[in-house]
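# Commentary on secondary and tertiary structure
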Amino acid sequence: MELHSALKKLTSAFTKLDSYVQLLAMTSKKSGDLPQANHREFFNKMISSVTYLSSIVKDVSKSYNFKVSLEHQLPTVTQKLKTTDECVVSSLISLVTCTGKLSNFMKSNVDMFSAPTSYRTRGHSFIQDDDQQGRMTSPTVSTLREKSVNYMAMLNKPSPDSVPYTQALNNRRVLVSSTESKEGLAQQLASNSDKISRLEQDREHWLLEAQLLQIKYDKEAMKVNQLQSQLQSHISGVHGPDLMRQVSNDSQEGSKADHKPTDPSLGSLSKQPMDFGESEETSRENLIKKHYTSKVSIMTNHRQMVDSKSVSFHSECRALHQRLSLAEKSKQKTQAELQKANQMILQLQGELSTTSRSYDDQLKMMSDHLCSLNEKLTSQKDEIDSLKLSMKQTAKKGKGK
């Protein structure tokens, strides 16, 4: 009970000293909270609280030493309890010495604590205040002090709260799912781009085929027009309806006989040189040139597509490598945590076994002690009975005499 009351007093003493310390610390944040005239009284009360704390710590140390001495006399005390008590006693002794030194230091230096702050500039003396005695500071110093306090408070602003762990895990899951969906979309995009390239190639092929057929058609049309113009010129040069009928008959016969001319004058028409505007070799070269230029454009497009695919594959490989490194790090971390957990389990099992052994030993000692006490009680009872019998016998002998 004495130790319990002493601990309550110690708590109240610490609370009182904490209030004085907080009031003293507030003067570094706000100027004018503690007037200069009240400094001495404030420090005197603070010294009294420190002295009271020192006396309470001494009482706690005495009460605990008495409690330890009683505990160590019990037969069931363990070595672990003894070592714990010794540590607590040494801590209380050091606390008593520290509080005593602090109380003596503050008592001897109360004048220095309560003295007003002053300053000296080059070529000037201390500034004197008429209302109060002693050397006082300049108002410029107080303004600069306020500015410095405001600046330090601005620097010591609390940092913004970080993202909670659960939210970070959810964000990571969303990121992983988005990367997977991105990979699926990339695959779909690649397949669609392949289909588009194949369709473009087919389109270019059929465009070339259409151009070749158009050129052939134009050539045949030019030939037909030229033949018609030459035929009309020859017909207009020959006068007479007989020749016209002969030409018409010959033309009908030639159409029936697979277009084989029978008239030498008409047969000589096919042997005459004809000018078709553009030679066949130049048109063929142009066709070949167009074909190869289309091929080159297709190959360049294909190369650009391959380059873009390689860049995307490279970025995906880098992302996968980073994910693999993160997975390896998390694996190592979990393995280390598992090892620590296993070590803790082993340590707890060892402590459990030692405590169970100590409890068993204590129970054995208690049982032995109880047995010895029972034996002592039985022996004492036998002695008491024998003494009673002897007393009765002596009393009977005395009455008989």
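Residues numbered from 1 in each chain as written. Predicted model: local features only at pLDDT ≥ 70, side-chain atom pairs only at ≥ 80, totals over all residues. Heavy atoms only, no water.

## Structural notes on the overall build of the protein chain
- On a plain count of helices and strands, the protein chain comes out with 9 helices and 2 strands.
- From first element to last, N terminus to C terminus, the protein chain shows the α and β order α-α-α-α-β-β-α-α-α-α-α.
- Taking the contacts inside the protein chain whose residues are at least 6 apart along the sequence as the reference set, 69% of them involve residues at least 24 apart.
- Here the protein chain has roughly 32,600 Å² of accessible surface; of this, 59% comes from carbon and sulfur atoms. (Helix = DSSP H or I, 4+ residues; strand = E, 2+ residues; numbered from the N terminus. Contact = heavy atoms within 4.5 Å. Areas by Shrake-Rupley, 256 points an atom, 1.4 Å probe, with all protein chains shown as cover.)

## Describing the side chain of Ser294
- Along the chain, the position of Ser294 falls in helix α9 (residues 280–400).
- Apart from the residues lying within four places of it in its own chain, the contact partners of Ser294 are Glu204 and Leu208.

## With respect to the pattern of salt bridges
- By the definition in use, this model includes 4 salt bridges.
- Here Glu71 and Lys67 are joined by a salt bridge, their closest N and O atoms 2.5 Å apart. Separated by 4 residues within a single helix, Glu71 and Lys67 lie in helix α2 (residues 39–72), roughly one turn from each other.
- We note a salt bridge from Arg203 to Glu204, for which the minimum N-O separation is 3.7 Å. (Salt bridge = Lys/Arg side-chain N within 4 Å of Asp/Glu carboxyl O.)

## Regarding the packing of α2 against helix α3 (residues 79–108)
- Axis separation between α2 and α3 bottoms out at 9 Å; the angle between their running directions is 160°. If you check the angle between α2 and α3, you find them roughly antiparallel. The handedness of the crossing between α2 and α3 comes out as left-handed.
- Its residues placed into classes, the contact of α2 with α3 shows 16 nonpolar, 8 polar and 5 charged. (Axes fitted to C-alpha atoms, helices over the stretch in contact; angles between N-to-C directions. Parallel < 35°, antiparallel > 145°, perpendicular 65-115°, else oblique. Left-handed = near helix turned anticlockwise from the far one by under 90°. Nonpolar A, V, L, I, M, F, W, Y, C, P; charged D, E, K, R; others polar.)

## Some remarks on the confidence of the model for the protein chain
- Residues at a pLDDT of 70 or more form 78% of the protein chain, whose mean pLDDT is 76.
- When mean pLDDT is compared element by element in the protein chain, α3 scores highest at 86, while helix α8 (residues 264–270) scores lowest at 38.
- Considering only residues more than four positions removed or in separate chains, one finds that residues 121–135, a stretch of pLDDT under 50, has 16 contacts.
- Contacts for the low-pLDDT stretch residues 254–278, under 50 throughout, to residues beyond four places or in other chains number 21 contacts. (pLDDT = per-residue confidence, 0-100.)

## Details of the environment of Asn44
- You can see Asn44 is positioned in helix α2.
- With relative accessibility at 33%, the residue Asn44 sits in the partly exposed group.
- Considering only alpha carbons, one finds Asn44 and Asp111, 67 residues apart in sequence, at a separation of 10.0 Å. (Buried < 20%, exposed > 50% of the residue type's maximum accessible area, 1.4 Å probe, protein only.)

## Examining the packing of helix α1 (residues 2–26) against α2
- Where α1 contacts α2, the two axes come as close as 9 Å, and the packing angle between them is 155°. By the angle class used here, α1 and α2 are roughly antiparallel. When you trace α1 past α2, the crossing you get is left-handed.
- When the residues that make up the contact of α1 with α2 are grouped by side-chain class, the tally is 21 nonpolar, 2 polar and 5 charged.

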